[in-house]
Amino acid sequence: MKLFSATMLLLLLISAQVGAETPTGETEEQSNRTIVTRYLLMDTSGRTVTDRDFKDRFQLIAFGYTYCPDVCPTTLAEMSLVMKRLGELAEQLQPIFITVDPERDTPAKLNQYTDFFHPKIIGLTGSPALVRRVADNFKVRYERYYAPGADPKHYSIDHSAGMYLLGPSGKFVTKFAYATPVSQLTEKIRTIIESMAPLPTARQP
């Protein structure tokens, strides 16, 4: 897999444009209200991972695939910058990348891809049926596209963009639109983490 240079990542961030729309006939607000945050997938080491495994942390989740030419590397580059800018608060945030292309995104490839952007990003995969179920729960649309006459293995995937923030309880907090400036992402996440952080336990006399 060809790695991206720092210059290319910067260009991707600068040139990012608004991503996919919500399904026809449903506003984004309506779609967000019906998001189900449950998932049961596998990380790149073969360990089963669910939404309940991060009860002490917030989760920042993005969907995509490693062959994605622009949206996914831009999103993970933003995710990496958010982690860096949060400083110590980043310890309370778990970044996650869920592939919508489990047939081609092997655990090894997924691990190499996410690790390039940030070592804390966890790549998750599963059977096509499980991935589809999780995507449906999060209202994520994706569909394969084949170029006429091309090798059937060489396809692209059109998919919903953006990032989902879950709270320590695993409940949906908010969705960030694709190409939201990193400065805004960081400050919104910082504010949410600080406002939802548990109060310190009072000392006994």
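Before reading on, note that the structure itself is shown above.
Residues numbered from 1 in each chain as written. Predicted model: local features only at pLDDT ≥ 70, side-chain atom pairs only at ≥ 80, totals over all residues. Heavy atoms only, no water.

Engineer: What is the right way to look at the overall build of the chain in this model?
Structural biologist: Along the backbone of the chain there are six helices and nine strands. Per-residue burial for the chain yields a buried fraction of 44% across its 205 residues. A fraction of 72% describes how many contacts in the chain between residues 6 or more apart in sequence connect residues 24 or more apart. Here the chain has roughly 11,300 Å² of accessible surface; of this, 54% comes from carbon and sulfur atoms. (Helix = DSSP H or I, 4+ residues; strand = E, 2+ residues; numbered from the N terminus. Buried < 20%, exposed > 50% of the residue type's maximum accessible area, 1.4 Å probe, protein only. Contact = heavy atoms within 4.5 Å. Areas by Shrake-Rupley, 256 points an atom, 1.4 Å probe, with all protein chains shown as cover.)

Engineer: For this particular structure, what's the right way to read helix α6 (residues 182–196)?
Structural biologist: An α-helix turns once per 3.6 residues; consequently, residues spaced three or four apart project the same way. For α6, spanning 15 residues, the distance from its first C-alpha to its last is 21 Å, which sits close to the expected 21 Å at 1.5 Å a residue. Within the span of α6, buried status applies to V182, L185, T186, I189, I192 and I193. Buried residues along α6 cover an arc of 135 degrees about the axis, so they all sit on one side. Of the residues in α6, the exposed ones pointing more than 90 degrees away from the buried face are E194 and S195. (Expected span 1.5 Å × (residues − 1). Arc of directions from axis to C-beta.)

Engineer: Quick question: what am I supposed to make of the nonpolar core here?
Structural biologist: A general trend in soluble globular proteins is that nonpolar side chains are found buried together. The biggest cluster of nonpolar side chains holds 53 residues, and the ones touching the most others in it are Y39, I61, F63, L93, F138 and I189. It is helix α3 (residues 71–86) that contributes the most residues to this core, eight residues altogether. When residues no more than four places from it in sequence are discounted, the contact partners of F63 are C72, F97, I98, V100, V134, A135, F138, V140, H159, S160 and Y164. (Core = buried A, V, L, I, M, F, W, Y, C linked by side-chain atoms within 4.5 Å.)

Engineer: Please explain the sheet that holds strand β1 (residues 40–43) as it appears in this structure.
Structural biologist: Think of a sheet as strands paired side by side through backbone hydrogen bonds, with each pair either parallel or antiparallel. Pairing is mixed in the open sheet, where seven strands are placed in the order β2-β1-β5-β4-β3-β8-β9. The open sheet has two edge strands, β2 (48–50) and β9 (172–176), and neither has a second partner. Geometrically, the sheet is characterised by an average inter-axis angle of 35 degrees between neighbouring strands, direction not taken into account. When strand β3 (residues 58–64) meets strand β8 (residues 163–166), the two strands line up antiparallel, connected through four bridges. The residue bridging I61 from the neighbouring strand is Y164, located in β8. Its contacts with the sheet put α3 on β3, β4 (93–99) and β8, and the angle it makes with β4 is roughly 170 degrees. The strands touched by helix α5 (residues 128–137) within the sheet are β1, β3, β4 and β5 (122–125), with β1 carrying the most contacts at an inclination of about 120 degrees. (Pairing = 2+ DSSP bridges. Axes fitted to C-alpha atoms, helices over the stretch in contact; angles between N-to-C directions.)

Engineer: Would you take a moment to explain unusual backbone geometry for this structure?
Structural biologist: Even without being glycine, K139 reaches a positive phi, approximately 60 degrees. If you trace the backbone, K139 turns up in the loop between α5 and β6 (142–146). Classification of K139 by relative accessible area gives partly exposed; the value is 32%. For A179, which is not glycine, the phi torsion reads 75 degrees and is therefore positive. With respect to the secondary-structure elements, A179 resides in the loop between β9 and α6.

Engineer: Would you mind showing me how to read the pattern of salt bridges here?
Structural biologist: Pairs can form between side chains of opposite charge whenever their charged atoms are close. By the definition in use, this model includes six salt bridges. Its salt-bridge partner being R47, residue D43 comes within 3.2 Å of it at the nearest N-O pair. By relative accessible area, D43 is classed as buried at 8%. Judged by its relative accessible area of 44%, R47 is partly exposed. One salt bridge in this structure joins R141 and D158, with 3.0 Å as the shortest N-O distance. Placement of the pair is R141 in the loop between α5 and β6 and D158 in strand β7 (residues 155–159), with a sequence separation of 17 residues. Here R141 falls in the partly exposed class, since its relative accessible area comes to 33%. (Salt bridge = Lys/Arg side-chain N within 4 Å of Asp/Glu carboxyl O.)

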